[in-house]
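# Close look at the chain arrangement
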Amino acid sequence: MNILVKPIITEKATNDSELYNRYAFVVNKKANKLEIKNAVAKAYGVEIESVRTMNYPVQRNTKFAKSGMVHAMKGAYKKAIVQLAEGESIDFYSNI
C-alpha cells in the first residue's frame, strides 16, 4: 500500500510551510497517522512532530447546459498536514 499519493503545493500550503513548517500531502484513505508519519520520515529523511488528517467526501455537481443535464463528480480523498521538528524542511523542487 502506497501511503503518500502526492504533496499539495497550493498558495495556502506553501505559506504554511514557510511560516509554520507544516507540509500538506494527499494520502491513502486507509492510512493512519503513524503510517503517514513513518512514510514521510522515510521518503524525505526528516523528523516529524505531529500529523493532522482530514477526510474529504465525494463532491457531486449537476448543472443544466445546452446539451442537457451535466453531472460531475470529484472523488473523495484524505489530506494530511505534517508538522516538522524545528530546523527541518522539505524541498519539493530539488529533483526537477
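So, here's what we can say about the structure. (Residues numbered from 1 in each chain as written. Predicted model: local features only at pLDDT ≥ 70, side-chain atom pairs only at ≥ 80, totals over all residues. Heavy atoms only, no water.)

### Overview of the overall build of the chain
Within the chain, the regular secondary structure consists of 2 helices and 6 strands. What you see in the chain, going N to C, is helices and strands ordered as β-α-β-α-β-β-β-β. For a compact globule of 96 residues, the expected C-alpha radius of gyration is about 12 Å, and the chain comes in at 17 Å, more than 25% above that figure. C-alpha extents for the chain along the principal axes are approximately 55 × 25 × 25 Å. Counting across all 96 residues of the chain, residues that qualify as buried make up 31%. Within the chain, contacts between residues separated by at least 24 positions form 62% of all contacts whose residues are at least 6 apart in sequence. Across the chain, the mean location of the 15 positive side-chain charges is 17 Å away from that of the 9 negative side-chain charges. (Helix = DSSP H or I, 4+ residues; strand = E, 2+ residues; numbered from the N terminus. Rg over C-alpha atoms; globule rule 2.2 N^0.38 Å. Buried < 20%, exposed > 50% of the residue type's maximum accessible area, 1.4 Å probe, protein only. Contact = heavy atoms within 4.5 Å. Lys, Arg positive; Asp, Glu negative; His and termini not counted. Charge placed at Lys NZ, Arg CZ, Asp CG, Glu CD.)

### A few points about helix α1 (residues 11-20)
Because the α-helix completes a turn every 3.6 residues, residues three or four places apart line up on one side. Within α1 the residues assigned to the buried category are A13, D16 and S17. Projected down its long axis, α1 carries its buried residues within an arc of 95 degrees, all on one side. Away from the buried face of α1 by more than 90 degrees, exposed residues E11, K12, E18 and L19 are located. Structurally, α1 contributes buried residues whose contacts are with β2 (22-27). Downstream of α1 by a residue or two, N21 has a phi angle that is positive, lying close to 60 degrees. (Arc of directions from axis to C-beta.)

### Considerations on the side chain of K78
For K78, the location among the structural elements is in strand β6 (residues 77-84). No salt bridge forms around the buried K78; measuring N to O, its nearest opposite-charge neighbour E35 is 7.6 Å away. In terms of polar contacts, K78 uses its side chain to reach the backbone carbonyl oxygen of A31, at 2.7 Å. If near-sequence neighbours (up to four positions away) are discounted, K78 is found in contact with F25, V26, V27, N28, K29, A31, T53, M54 and N55. (Salt bridge = Lys/Arg side-chain N within 4 Å of Asp/Glu carboxyl O. Polar contact = N/O pair within 3.5 Å; in protein donor to acceptor, adjacent residues only side chain to side chain.)

### Observations regarding the environment of V46
Along the chain, the position of V46 falls in the loop between α2 (33-44) and β3 (48-56). Along the primary structure V46 and K74 are separated by 28 residues, whereas in three dimensions their C-alpha atoms are 32 Å apart.

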